[in-house]
Amino acid sequence: MSVYLDYAATSPLRPEVLDCYVEYLKTLGNPSSVHTAGQLVRRALEEAREELAKSVDCNRNEVIFTSGGTESNNLAIKGLFWQQRTLDPAKKIIISAGTEHHAVIDPIEWLEKHDAADIVWVPVDYDGNVDLNWLEVFLSSKGSEVALISLMWANNETGVITDIKKVTELADKYSIPVHSDAIAAFGHIETSFKDSGLAAMSISAHKVGGPIGVGALIVSRATKLVSLVHGGGQERGMRSGTMNAPGAKAFALAATNTIAELKAETQRLQELRDKLVEEVSKVTAVAKLTGQKAPRMPHNAHFVFEGCSGDSLLFLLDQQGIEVSTGSACQAGVNGPSHVLVAMGRSAAEAYGCLRVTLGTDSSEEDITAFISALPKAVEGALKAGIPQTGDSK
Amino acid sequence: MKVLAAMSGGVDSAVAAARAVEAGHEVVGVHLALSRMPGTLRTGSRGCCTIEDSMDAQRAANVIGIPYYVWDFSERFKLDVVDDFISEYESGRTPNPCMRCNERIKFAALLEKGLALGFDAICTGHYASILTDDEGNLELHRSLAVAKDQSYVLGVLTAEQLKHAMFPIGASASKDDIRAEAAARGLSVAAKPDSYDICFIPEGDTQDWLADRLGSTAGEIVDMEGNVLGQHAGAHGFTVGQRKGLSIGKPAVDGKPRYVLAVDVKSNKVVVGPAKALAVKELIGSKYTWCGKPKANAQEFFDALVQVRAHGEQVPCQVSVTEDQMVIKLEEPILGVAPGQTAVIYLGSRVLAQTTIDSTVSAVDDFSSASASISGSVNGAV
């Protein structure tokens, strides 16, 4: 029996969500059809939109369903950039941070390469805090040239939280739209869209007990963006394609139930997490908790294991039935050095030695105990295997 | 035994892993990520390193029913194989990157990591056999499938590395057998084309690739007497024995084709001449290793066979070694041996030793003085 401690990668489908999903998968109808079958499915879709809007704390018309977080991020970044450029060609700067997920970094770099965008990366400190004072100073000189700012609400690897409200306040002086990738944060900390001042916010179903393949971009009513996908004009014309009513329904239910439990779960998971951190420090001296001087999400514990390679730790823990992560793996499944740690100014050795433990609905004390009892053997082996050597050509 | 099966995504390593499982070992599949920026799809026969290869390896591991992981060796690969390849060419030598990869990545970095993580052996899809002599010493031998034999590129393995190596397909008669077995096992890589180019040069054009990294300065193409015959766009990338791509307008007096005899990177000259001038009768290497148990009394010349390229012929020779040199006297001269190439010494089918060739002695009397000066300027030692 394996112990799953990788909720940030994906979370188990909640049982009631599975039932709901299956029920609507069985329901015939295209939400755009005029006949009764179509209308029934449309009704389900719009119920889901309204329900999800409550969890997100936004207007129902602000919910644009997508195929997931990556699509949401792409739509927000490219869509906002193109919209801004159309209105004012002088706005070429995109501000973001090197600690963002690749689903944000890569579209931005794509725009730099293919569409003459200028990228400005906000400095990030040793603990993962995005330097908002620097941002304020930068905006005071270049604010009028900025097309958009994209900063994640909470980091998917380190769990470090950024003060999004502060970001939107700074941006507001120059009327700069702000997008936030809230995929890691949504359902784990308070993320009121209405209070955030954001133009757009990405969220994803499978991080909160919903199915994989469903997400949403929350786009404020005041915000316009250029669509990436053209066709039938669904979803306020921002995302054409037959709408996934069963997915939307399942997402909405998963979000509702996750948000309903948020307060209790925050306390429970934080206690479990703190216990885990304490126990780790007892069984090994080489693990260092990341983001000690930063606000962090309650269910995340991210460590750097000095002298270890994350993929060795991962392998040795997996062999003992413990499923954790080094952070985000690329398409080929390679656990290279974490770009997040590198952006935090850490050394290559530190960036290689990451291990992320994330908790969720089914996590228990027994899971923590199992992890702690498997850890010493894994650390011993990983220390022996060492980190990828640089410069040694034996 | 706990066995780490290195899976490239090709058919050979997939069948090797499957056979290791059948032999009763506890097998874990691992794909080596050798590039941070892998291409998405394989194009034709070009090496490995693509995401498609990684996915093929994973799919094979799933079908075989073993756990699968991808381990990042891109740093080591860049330093020990790619950078080595560039610097060898930069000094006018012709390296064998597959050999370096076996020596420093698969049977060094990967093996060390595997041993540290609790494994006993590395299993690969190389065509070679490990046999045991009467005293229980491990020996590396040519594979049964002579046409596919890869013992040459494994010549760098030491006795210690052989102890932890496993080549389950070395006893197969042919590649066709392996493909048939893969198909019977339901492995979709059964019909995947062989890779035979250098895996980190995706476009397949070594000369262009080197020019991008080393720059290219036009220089002279000269004959053995130093007469200028033409111009080249950059000396790097010319290989001793190369005939094509010289673009010399003027034909030779005797009307016969001309070959690259030497690449002198210092003076940026490429020396060309007739095929017979390529003939060498002696090979000298300063660094050598024994593959398994060393030969006794090897300071005295002994009869052996030598192979100087991956799919080359073996040639009878006499070999002797001192502490820091191996001398190989060839019974019959061979053509086109470049410094940097590896000479692998065989006793029958057994791989005995290997050395990287530092210099050669010409077999042609009237070329010996020219050869000496070329060799000296290229290698700094004659």
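Residues numbered from 1 in each chain as written. Chains lettered and ligands numbered in written order. Predicted model: local features only at pLDDT ≥ 70, side-chain atom pairs only at ≥ 80, totals over all residues.

**Points about the overall build of chain B**
The condition that has to hold: Helix and strand assignments follow DSSP, with helices taken as H or I runs no shorter than four residues and strands as E runs no shorter than two, numbered in order from the N terminus. Every radius of gyration here is taken over C-alpha atoms, with the globule rule written as 2.2 Å times N^0.38, N being the number of residues. The exposure scheme places C-beta atoms from the backbone and then counts, for each residue, the other C-beta atoms within 10 Å of its own, assigning buried at 20 or more, exposed at 12 or fewer, and partly exposed in between.
The helix and strand inventory of chain B stands at eight helices and 17 strands. At 22 Å, chain B has a C-alpha radius of gyration in line with the 21 Å of a compact globule built from 382 residues. For chain B, the C-alpha atoms occupy an extent of roughly 65 × 50 × 35 Å along the three principal directions. By residue count, 50% of the 382 residues in chain B fall in the buried class.

**Observations concerning the sheet that holds strand β4 (residues 118-122) of chain A**
Residue and element names in this part refer to chain A. Put simply, the rule reads: Pairing between strands is defined by DSSP: at least two bridges between the two strands are required. What counts as an axis is a line fitted to C-alpha atoms, over the stretch in contact for a helix, and the angles between N-to-C directions run from 0 to 180 degrees. Any two residues are considered in contact once their C-beta atoms, placed from the backbone, lie within 7 Å.
Strand order in the open sheet made by the seven strands is β2-β8-β7-β6-β5-β3-β4, with mixed pairing throughout. A strand with exactly one partner marks an edge of an open sheet, and here the two such strands are β2 (63-66) and β4. In this sheet, adjacent strand axes meet at a mean angle of 20° when their direction is disregarded. Bridge analysis of strand β7 (residues 200-204) against strand β8 (residues 215-219) gives five bridges, and the strand direction is antiparallel. Across the sheet, M201 pairs through a bridge with I218, a residue of β8. Packed on one face of the sheet, helix α6 (residues 164-172) meets β5 (146-150) and β6 (178-181) and runs near 160° to β6.

**Examining the domain arrangement of chain B**
Residue and element names in this part refer to chain B. Heads up, the rule is: For every domain, the bounds stem from an assignment made automatically or drawn from a database. Under the scheme applied here, ten amino acids are nonpolar (Ala, Val, Leu, Ile, Met, Phe, Trp, Tyr, Cys and Pro), four are charged (Asp, Glu, Lys and Arg), and all others, including Gly, are polar.
Taken domain by domain, chain B consists of domain 1 (2-191), domain 2 (215-276) and domain 3 (277-379). Here the C-alpha centroids of domain 1 and domain 2 sit 37 Å apart. For the side of domain 1 that touches domain 2, the class distribution of residues is one nonpolar, three polar and one charged.

**So, the sheet that holds strand β12 (residues 354-358) of chain A**
Residues and elements named next belong to chain A. Pairing in this open sheet of three strands is antiparallel, and the strands run β9-β10-β12 from one edge to the other. Each edge of the open sheet carries a strand with a single partner, namely β9 (287-289) and β12. This sheet shows a mean twist of 30° between the axes of neighbouring strands, independent of strand direction. Note that strand β10 (residues 300-305) and β12 share five bridges and pair antiparallel. The residue of β12 that forms the bridge with N300 is T358. Running over the sheet, helix α9 (residues 262-283) touches β9, β10 and β12 and is turned about 20° from β10.

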